[in-house]
Structures are given as C-alpha cells and as structure tokens.
Amino acid sequence: MAQIAIISDIHGNLPALSAVMDDMERAGVHEIICLGDVIGYGCQPEACLERLAGRCMVSVRGNHEDALFDATVAEDFNSVARTALEWTRKRLSADHLRGIAQTRLVFDRSPYLICVHDTPVPPSTTGYVGDPLTAGLAFRGVDARVCLVGHTHVPMAFHTESDRCEDRLGPCDVEATILHEDEPYRLRSLGRHILNPGSVGQPRDGDPRASYAMLDLKEGTFELRRIEYDVAEAQRQMRRAGLPDLLAYRLALGA
Ligand code: ZN
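Below: a short report on this structure.

**Quick notes on the overall build of the protein chain**
A count of helical and extended segments in the protein chain gives nine helices and 12 strands. In terms of overall size, the protein chain behaves like a compact globule, its C-alpha atoms giving a radius of gyration of 17 Å where 255 residues would be expected to give roughly 18 Å. In terms of overall dimensions, the protein chain has a C-alpha envelope of 50 × 40 × 30 Å along the principal axes. Going through the 255 residues of the protein chain one by one, you find that 56% of them count as buried. Carbon and sulfur atoms provide 50% of the accessible area of the protein chain, an area that totals close to 11300 Å².

**Some remarks on the sheet that holds strand β8 (residues 175-178)**
In spatial order, the strands read β4-β5-β6-β10-β7-β8; together these six strands make up an open sheet with mixed pairing. Looking at strand neighbours, the two that pair on one side only are β4 (106-109) and β8, the edges of this open sheet. Pairwise comparison of adjacent strand axes, ignoring direction, gives a mean angle of 15 degrees for this sheet.

**Considerations on the sheet that holds strand β9 (residues 185-186)**
One open sheet accounts for six strands, arranged β3-β2-β1-β11-β12-β9; its pairing is mixed. Of all the strands in the sheet, just β3 (58-59) and β9 have a single pairing partner and so form its edges. Sheet analysis places strand β11 (residues 210-216) next to strand β12 (residues 221-227), joined by seven bridges and oriented antiparallel. Paired with Tyr212 across the strands is Arg225, a residue of β12. Set on the sheet, helix α1 (residues 14-27) makes contact with β1 (3-7), β2 (32-34), β11 and β12; between it and β11 the angle comes to about 30 degrees.

**Observations concerning the coordination of the zinc ion**
For the zinc ion, the full set of protein donor atoms is Asp9 (OD), His11 (NE2), Asp37 (OD) and His153 (NE2), at a range of 2.0 to 2.6 Å. For the zinc ion, the four donor atoms in the first shell make angles of 87 to 175 degrees at the metal, a pattern classed as irregular. One chain supplies every donor to the zinc ion, and in sequence these donors are spaced D-x1-H-x25-D-x115-H. The residues Asp9 and His11 share a single accessibility class, namely buried.

**Quick word on the layout of surface pockets**
Of the voids in this model, the largest pocket is the one considered here, and its volume is about 740 Å³. Together, 34 residues line the largest pocket, and Asn63, Val73, Asp76, Asp118 and His151 are the ones closest to its centre. Counting only elements with at least two residues in the lining of the largest pocket, the list comes to α3 (63-66), α4 (71-75), α5 (79-91) and α9 (245-253). Taken together, the residues that form the lining of the largest pocket break down as 13 nonpolar, 12 polar and nine charged. Approximately 340 Å³ is the volume attributed to the second largest pocket. If you go around the second largest pocket, you meet 19 residues; those closest to its centre are Leu49, Ala53, Ser59, Gly99 and Thr103. Listing elements by their share of the lining of the second largest pocket, those giving two or more residues are α2 (45-52) and α6 (94-101). The leading source of residues in the lining of the second largest pocket is α6, at four residues. Of the residues in the lining of the second largest pocket, the class split is eight nonpolar, six polar and five charged.

**A few points about the nonpolar core**
Grouped together as the largest cluster of nonpolar side chains are 45 residues, with contacts concentrated most on Ile7, Ile10, Val200 and Tyr212. Top contributing element to this core by residue count: α1, with seven residues. If near-sequence neighbours (up to four positions away) are discounted, Tyr212 is found in contact with Ala5, Ile6, Ile7, Val20, Asp23, Met24, Pro197, Val200, Glu223, Leu224, Arg225 and Ile227. Of all hydrophobic cores here, the second largest spans 20 residues; its members include Phe107, Ala157, Leu179 and Leu195.

**Structural notes on empty space enclosed by the protein**
Scanning all chains against the criterion turns up one cavity of 30 Å³ or more. Its volume calculated, the largest cavity comes out at about 70 Å³. If you go around the largest cavity, you meet 16 residues; those closest to its centre are His11, Asn13, Gly42, Met238 and Leu251. For the lining of the largest cavity, the secondary-structure elements that each account for two or more residues are α1, α8 (231-240) and α9. Residues of the lining of the largest cavity, tallied by class, amount to eight nonpolar, eight polar and no charged.

Rules behind the numbers
Residues numbered from 1 in each chain as written. Predicted model: local features only at pLDDT ≥ 70, side-chain atom pairs only at ≥ 80, totals over all residues. Heavy atoms only, no water. Helix = DSSP H or I, 4+ residues; strand = E, 2+ residues; numbered from the N terminus. Rg over C-alpha atoms; globule rule 2.2 N^0.38 Å. Buried < 20%, exposed > 50% of the residue type's maximum accessible area, 1.4 Å probe, protein only. Areas by Shrake-Rupley, 256 points an atom, 1.4 Å probe, with all protein chains shown as cover. Pairing = 2+ DSSP bridges. Axes fitted to C-alpha atoms, helices over the stretch in contact; angles between N-to-C directions. Contact = heavy atoms within 4.5 Å. Donors = N, O, S within 2.8 Å, 3.2 Å for Na, K, Ca; no water. Tetrahedral: all angles 85-135°; square planar, octahedral: opposite > 155°, others 65-115°. 1 Å grid on protein atoms, 1.4 Å probe; cavity = no way out; pocket = protein on both sides within 12 Å on 5 of 7 lines; lining within 4 Å. Points joined across faces, edges and corners; volume = space filled by probe spheres on them. Nonpolar A, V, L, I, M, F, W, Y, C, P; charged D, E, K, R; others polar. Core = buried A, V, L, I, M, F, W, Y, C linked by side-chain atoms within 4.5 Å.

In short, geometric facts, not functional conclusions.
Right under this line is the structure:
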C-alpha cells in the first residue's frame, strides 16, 4: 500500500463523488480514508453512503452525521443547514442510520496518523482549523506525525517543528500552505502536520471542481487533485429535490 486517497465533505453530491472515485480508479488507488460529512446539503445522501459502503479503510463521522443523533450539534447549524439536515433525515433508512451511528469520531494510530473530521482537540473552540492560529491550538491534540482533517472545505497543510502536544504554539510556530494540484506537498522530516484534502462535494476555495488528495506516507507526499464534474447537473438535481437554492447556487462558485 503506497498511496491512500483522502476524501472528505462529500455532502450528498453523487456526481462529484462518482467523478472522484473514477479518478482514483484511473490512478490505481484502492485504499480510501473518509473524513466524514458524507451527507448533508446535497440531494443524494443515501446513494453516497452506499457508494462508499465497505470501500473505506478508515471512516470517521462528521458534524452533519453527528447532528442526526445529537440535537446540540444541530443547534449550531444555520437555517439552511438545518433545513438540509431534516430533508436528509427523511431520506435515510434505519440501516443507513445504524451504519452512521457505528462510525467512530476519531481514528487514532499515534504516533503515525490521526483522522478526525474537524479538530483533534474536542470539545472544540477551534472547530475550524483554517489558519496558523487555530492550527496552533489544534496541534495540542496531535500526538502523531500526520493528522488528517476536513470540515473547512479548503485544502491546506499546516506544519510545526514542535513534536510535543504540551508546547503552547502561537501563529508564528505554524507554517500554513494553501494546496494546489500538481504541486505535491512534501511532509517535513521533523515535527507534526495537519493536512486537509478540501471538499469533494462542496468546495469553498473558489474552485468549483471536486477536491481530494493522495497521501503517501512512505514517500512523504500529500498531493491535491481537482476533478471536473457536472456541476450543472448536480444543481438541477438539488433544485428538483426542493433543497434551499443557496446550496445549489454556491456549487458553481466553489464557495
Ligand atoms: Zn462539511
């Protein structure tokens, strides 16, 4: 096993997930780590769950999955996200819900790898690890060379030379890198990393193409891939399903 495909935040967008899985197939990569939020926002949550069922070597639960069971998580949602949550709940069978409930929140293989949807330091005041400040706080929970996160929908890498969770890190102790395709990020030989592959089904970095990444722990690379898919078709399906228009609209903007 050399390369592992890292996917996150699919958000019920089957055209995007299918395009990403076709790309993995072409690349000959069969190991998948899924960082959660397979559902929510998009109109094919059940099809996305089924497409991934039994395919992921690691799968962690996102806040949109959590919100199905935990009303306090749903309370933090804005009204559009809450509307989509209730819409999604009606689409899922008892089997789907059982499968989601069995998914763990954290996959911890310290000192090599930690996988979590949002932040490794719950209960979180740093839910979004999106800049050197929030990454510095999140590193308190990273007792591994690599921590994979999603949730922000923005592909980024954070590195600190510190190798101790106890270190109090300020923004200057963290190097942040915005990831681009065709520029593989090279893991540093020392210190710790937080790596985010962006979002398959609802990118928010201004690029509407589906985003995911290939991790090669042996080679020490994290390579972003951006995949074209039929955004207009995904939008048509969402509007036909009666989901809030904003959710379809933002797909074309990558915002
Ligand atoms: Zn998400």
